[in-house]
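# Residue-level structure breakdown
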Amino acid sequence: MREHPTGTLAGRIVETEAYIVGDAAGHAFRGETPRNRSLFLRRGHAYVYFVYGCWFAVNVSGEIAGVGAGVLLRALEPIEGVAQMEIHRGTQKLLDLARGPGRLAMAMHIDRRLDGVDLCAMGPLWLGTAIRPVGSIGQSVRIGLTREALRKLRFFENDSRFVSGPGRLRA
DNA sequence: AGTGCGATTGACT
DNA sequence: GTCAATCGCACTA
């Protein structure tokens, strides 16, 4: 859920990746720095980071305070505020609005200002209330990594068309 | 102080 | 399929 000045933006999370304790692919692996400090907040806080000089991406911190780990939000199925998401993204292709972490952040207008917010209480960005899963959940290796590339820590709704990644990783 | 490259995307061949 | 965009952090020295 994104409480935006223009109205509420909402989507179902259909794809995530876990970056767990001791995971060399995780931003928290080398310890806490100014950039990744939000990963060390108590579980349920936002870690927003900037990659490739172009994009933001959002994680949900996943451990107790002081332990760095998180879940990357990789794709949403848009539920509310689609017209505004289209403006943010510059496209009207529903399937592309929030398919991929960079697109997701852009659709929801997420940037560094939201780094560290509590996602478990109503606010500018939060998790809302649970919506029942649809169908089964698939599992695969994570996308775009060079380290720890074999760990199957990506999770996605099997039958969703809003999931990112190469087709062969879907099933 | 300098360098390399990343949890990506979109444009182009 | 390839490749540029573009920034800040981590790493080396």
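Rules of the game
- Residues numbered from 1 in each chain as written.
- Chains lettered and ligands numbered in written order.
- Predicted model: local features only at pLDDT ≥ 70, side-chain atom pairs only at ≥ 80, totals over all residues.
- Heavy atoms only, no water.
- Helix = DSSP H or I, 4+ residues; strand = E, 2+ residues; numbered from the N terminus.
- Contact = heavy atoms within 4.5 Å.
- Core = buried A, V, L, I, M, F, W, Y, C linked by side-chain atoms within 4.5 Å.
- Buried < 20%, exposed > 50% of the residue type's maximum accessible area, 1.4 Å probe, protein only.
- Pairing = 2+ DSSP bridges.
- Near = heavy atom within 4 Å.
- Polar contact = N/O pair within 3.5 Å; in protein donor to acceptor, adjacent residues only side chain to side chain.
- Nonpolar A, V, L, I, M, F, W, Y, C, P; charged D, E, K, R; others polar.
- Salt bridge = Lys/Arg side-chain N within 4 Å of Asp/Glu carboxyl O.
- Phe/Tyr/Trp six-rings, centres within 6.5 Å; stacked < 30°, edge-to-face > 60°.
- Lys NZ or Arg CZ within 6 Å of the ring centre and 35° of its normal.

### Describing the environment of Leu41
- Locating Leu41 in the fold gives a position in the loop between β2 (7-19) and β3 (46-51).
- Residues Leu41 and Ala65, 24 residues apart in the sequence, show an inter-C-alpha distance of 4.7 Å.
- If we skip the residues at most four places from it in the chain, Leu41 touches Ser61, Glu63, Ile64, Ala65 and Gly116.

### Brief notes about the nonpolar core
- Core analysis: the largest hydrophobic core is formed by 20 residues, its most contacted members being Val48, Val58, Leu104, Ile110 and Leu125.
- Where this core is concerned, the elements lending two or more residues are β3, β4 (55-61), β5 (70-80) and α2 (101-107).
- Setting aside chain neighbours within four positions, we find Leu125 in contact with Met1, Arg2, Val58, Ile110, Leu114, Val117, Asp118 and Leu119.

### Some details on the pairing of β3
- Summarising the sheet, β3 and β4 pair through six bridges and their orientation is antiparallel. Residue pairing across strands places Val51 opposite Trp55, the latter belonging to β4.
- Hairpin connection from β3 to β4: three residues lie between these consecutive antiparallel strands, with Tyr52 at a positive phi of about 55 degrees.

### Examining the protein's contact with DNA strand B
- Around DNA strand B sit 17 residues in total, of which His27, Trp55, Asn59, Arg89 and Arg103 are the nearest.
- Among the atoms of DNA strand B lying within 4 Å of the protein, the sugar-phosphate backbone contributes 49%.
- At a separation of 3.5 Å, a phosphate oxygen of DNA strand B approaches a polar backbone atom of Gly100.
- The contact in question runs from a phosphate oxygen of DNA strand B to an N or O atom on the side chain of Arg103, over 2.4 Å.
- The set of elements that each furnish at least two residues to the surface near DNA strand B consists of β4, β5 and α2.
- Residue contributions to the surface near DNA strand B peak at three residues, all from α2.
- Along the lines of polarity and charge, the residues of the surface near DNA strand B split into nine nonpolar, five polar and three charged.

### Section: the pattern of salt bridges
- Taken as a whole and judged by the stated rule, the model has nine salt bridges.
- Arg154 is the partner of Glu15 in a salt bridge, and the nearest nitrogen-oxygen pair spans 2.8 Å. Of this pair, Glu15 sits in strand β2 while Arg154 sits in strand β7 (residues 154-157), and the two are 139 residues apart along the sequence.
- Take Arg154: its relative accessible area is 0%, and that puts it in the buried class.

### Looking at the packing of aromatic side chains
- One pass over the full model with this rule turns up two aromatic pairs.
- The interplanar angle of 25 degrees and the centroid separation of 5.3 Å between the aromatic rings of Tyr47 and Tyr49 together place this pair among those described as stacked. Here Tyr47 matches Tyr49 in class, with each residue buried.
- Seen from their ring centres, Phe50 and Phe56 are 4.9 Å apart, and the 45 degrees between their planes marks the pair as tilted.
- You can call Phe56 buried: its relative accessible area is 18%.
- Sitting over the ring of Phe50, Arg112 keeps its end group 5.2 Å from the ring centre.
- A cation over an aromatic ring shows up here: Arg142 above the ring of Tyr19, its NZ or CZ 4.6 Å from the ring centre.

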